[in-house]
Amino acid sequence: MAVVGVIGGGQLARMMIPAAVALGIEIRVLAEAEGSSARLAATQVGDYRDPATVLAFAAECDAITFDHEHVPQEVLRALEAEGVAVRPGPDALLYAQDKLLMRERLGALGVAMPDWARIETAEQLGAFLADHGGRAVVKTARGGYDGKGVRVVDDAHGADDWLAAGAVLVEELVVFQRELAQLVARRPSGEMRAWPLVETVQRDGVCAEVIAPAPRAGTATLRAAEELARTVAEGLGVTGVLAVELFEAADGRLLVNELAMRPHNSGHFSIDGSTTSQFAQHLRAVLDWPLGDTAPVAPVSVMINVFGGLPEASIRTALAHQPAVAVHAYGKDPRPGRKAGHVTAVGAELDDTAYRARAAAACFDD
């Protein structure tokens, strides 16, 4: 039986468990703490930043993959030095860990992006603002996600606190029609599969809804998004699922916003809406198994995140009111603003499908 080790015990690792069971794969999880979301498969609790801990965890695994991109490079290199199949590998993960390096590499690949610069001083930020209409987006080079480590500034001193710790990324404030995401999966032997382009709806910097496929996306846009994601996956040497978050600019251009080298929130719809989910596909890819069909099982899927908590009584209410909607709970303690689960509806028509998904999600409103 193939054994896949997952570093990180969050909801992404949790959602790999049923996919692994269906494929006859043994999944093991190195969790950061007791009681993690993926506790059903947590075979070890320890510090993913400690090489000895991670090496011991990986000793009997056929491949190591990740619930997040935060494992230090020195740990990843130590795994590779011991002959462990690390997927995606450190050379690829480097670009998911450092946004400045990511921008440099995407530029070398000729990928369209917002105008950007590396800044180390308030004076440099002021000069960028002067050249870009007086407002810009500043991001920490490392560690930001779900709206963290990102801010809009209109003053040269708007990032002084971050600059005190080192260089940061500044980008033009893009005027966009909407945000999109393109997911692909790539195995080491080179085979790739792509899911349909999706539209993501953000609220307060966090993904709230995903519509698959993206409405009103013409053939040229669909082709361009898939080709862009394939270029990035190949150019960065990604193994597993890659999510490319995109801006659709006012003039129709697709600009890369962020990358994630793992299953991603924008692909959760695929559990119920695709022939092969992103979690099953990720496991196939990291083991270099043949990839599955990514065709939709219905014309439309709508996924809505649930924040705070999913109490049992609310789950029962949602199931009673919307029996055709799938509810996914992450097994987390409730906390305001925390992603606690999601609901997905599939159907033949967007308005009805979205209505059913939103009605189910509303059962969890405080």
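Structure shown above.
First, a word on what this report is: a plain description of the structure on this page. What you see is a predicted model, and the numbers here were worked out from it, not measured in a lab.

The rules behind the values
Residues numbered from 1 in each chain as written. Predicted model: local features only at pLDDT ≥ 70, side-chain atom pairs only at ≥ 80, totals over all residues. Heavy atoms only, no water. Salt bridge = Lys/Arg side-chain N within 4 Å of Asp/Glu carboxyl O. Helix = DSSP H or I, 4+ residues; strand = E, 2+ residues; numbered from the N terminus. Core = buried A, V, L, I, M, F, W, Y, C linked by side-chain atoms within 4.5 Å. Buried < 20%, exposed > 50% of the residue type's maximum accessible area, 1.4 Å probe, protein only. Contact = heavy atoms within 4.5 Å. Pairing = 2+ DSSP bridges. Axes fitted to C-alpha atoms, helices over the stretch in contact; angles between N-to-C directions. Expected span 1.5 Å × (residues − 1). Arc of directions from axis to C-beta. Polar contact = N/O pair within 3.5 Å; in protein donor to acceptor, adjacent residues only side chain to side chain. Patch = residues over 30% accessible without salt bridge, like charges linked within 9 Å, V, L, I, M, F, W, Y side chains within 5 Å. Areas by Shrake-Rupley, 256 points an atom, 1.4 Å probe, with all protein chains shown as cover. Lys, Arg positive; Asp, Glu negative; His and termini not counted. Charge placed at Lys NZ, Arg CZ, Asp CG, Glu CD. Phe/Tyr/Trp six-rings, centres within 6.5 Å; stacked < 30°, edge-to-face > 60°.

### Some remarks on the pattern of salt bridges
For step 1, the next point in the chain: Under the defined criterion, the tally for this structure stands at 23 salt bridges.
For step 2, the next point in the chain: Ionic pairing is found between R178 and E248, a salt bridge with its closest N-O pair at 2.6 Å. Here the residue R178 occupies a position in strand β9 (residues 176-186), and E248 occupies one in strand β13 (residues 240-249), the gap between them amounting to 70 residues.
For step 3, the next point in the chain: Members of the salt-bridge network, linked through shared partners, are R103, K139, E171 and E258.

### Here we look at the nonpolar core
For step 1, the next point in the chain: Formed by 45 residues in total, the largest nonpolar core has its most connected members in I7, I64, L242, V256, L259 and M261.
For step 2, the next point in the chain: Considering each element in turn, this core owes the most residues, six residues, to helix α8 (residues 219-236).
For step 3, the next point in the chain: What M261 contacts, discounting residues up to four positions off in sequence, is E69, P88, A92, L93, Y95, A96, L236, V238, V241 and L242.
For step 4, the next point in the chain: Counting residues in each nonpolar core, the second largest holds 24 residues, with A2, L12, A13 and M15 among its members.

### As for the sheet that holds strand β4 (residues 63-66)
For step 1, the next point in the chain: Taking strand neighbours across the sheet as the criterion, the four strands line up as β3-β2-β1-β4 in an open arrangement whose pairing is parallel. Each having just a single partner strand, β3 (42-45) and β4 make up the two edges of the open sheet. Neighbouring strand axes in the sheet, compared pairwise and without regard to direction, differ in orientation by 25° on average.
For step 2, the next point in the chain: Sheet topology note: the strand β1 (residues 3-7)/strand β2 (residues 26-31) ladder contains five bridges and is parallel.

### Observations concerning helix α12 (residues 350-362)
For step 1, the next point in the chain: With 13 residues, α12 extends 18 Å between its outermost C-alpha atoms, agreeing within 8% with the 18 Å of an ideal straight helix rising 1.5 Å per residue.
For step 2, the next point in the chain: Buried within α12 we find T353, A354, R356, A357, A360 and A361. Down the axis of α12, the buried set is contained in an arc of 160°. They therefore lie on one face. Set apart from the buried face of α12 by more than 90 degrees, the exposed residues are D351 and Y355.
For step 3, the next point in the chain: Contacts from the buried residues of α12 go to β15 (300-307), α11 (312-321) and β17 (339-347).
For step 4, the next point in the chain: Sitting at the head of α12, E349 places a side-chain oxygen 3.0 Å from the backbone nitrogen of D351.

### Details of the environment of T317
For step 1, the next point in the chain: As for its position among the elements, T317 is in helix α11.
For step 2, the next point in the chain: In this structure the C-alpha to C-alpha distance between T317 and F364, which are 47 residues apart in sequence, comes to 8.9 Å.
For step 3, the next point in the chain: In terms of polar contacts, T317 uses its side chain to reach the backbone carbonyl oxygen of A313, at 3.0 Å.

### Topic: a negative patch on the surface
For step 1, the next point in the chain: Together, E123, D154, D155 and D160 give the surface a local cluster of negative charge.
For step 2, the next point in the chain: By relative accessible area, which is 34% here, D160 ends up partly exposed.

### What to know about the packing of aromatic side chains
For step 1, the next point in the chain: In total, this model carries one aromatic pair according to the counting rule given.
For step 2, the next point in the chain: Aromatic pair F176 and F247: ring centres 4.8 Å apart, planes at 20°, arrangement stacked. Of this pair, F176 sits in strand β9 while F247 sits in strand β13; the two residues are 71 residues apart in sequence, bridging distant segments of the chain.
For step 3, the next point in the chain: Among the residues examined, F176 registers a relative accessible area of 36% and is labelled partly exposed.

### Here's the deal with unusual backbone geometry
For step 1, the next point in the chain: Each neighbour pair has its own omega, and for R87 with P88 the value is 0°, a cis peptide bond.
For step 2, the next point in the chain: Summarising the element assignment, P88 is placed in the loop between α3 (73-81) and α4 (90-97).
For step 3, the next point in the chain: Following A212, the chain continues into P213 via a peptide bond in cis, with omega recorded as -10°.
For step 4, the next point in the chain: Within the secondary structure layout, P213 lies in the loop between β12 (206-212) and α8.
For step 5, the next point in the chain: The backbone phi angle of D288 is positive, close to 60°, even though this residue is not glycine.
For step 6, the next point in the chain: Inspection of the secondary structure assignment puts D288 in the loop between α10 (278-286) and β15.

### Observations concerning helix α6 (residues 122-131)
Three or four residues apart is the spacing at which side chains of an α-helix point the same way, because the helix has 3.6 residues per turn.
For step 1, the next point in the chain: Of all the positions in α6, only A122, L125, F128 and L129 are classed as buried. Buried residues along α6 cover an arc of 120° about the axis, so they all sit on one side. For α6, exposure combined with an orientation more than 90 degrees from the buried face picks out E123, A130 and D131.
For step 2, the next point in the chain: Residues of α6 that are buried make contact with β5 (116-119), β6 (136-140), β7 (150-153), α7 (160-163) and β8 (168-172).
For step 3, the next point in the chain: Of the residues flanking the end of α6, it is G133, one or two places downstream, whose phi is positive at about 75°.

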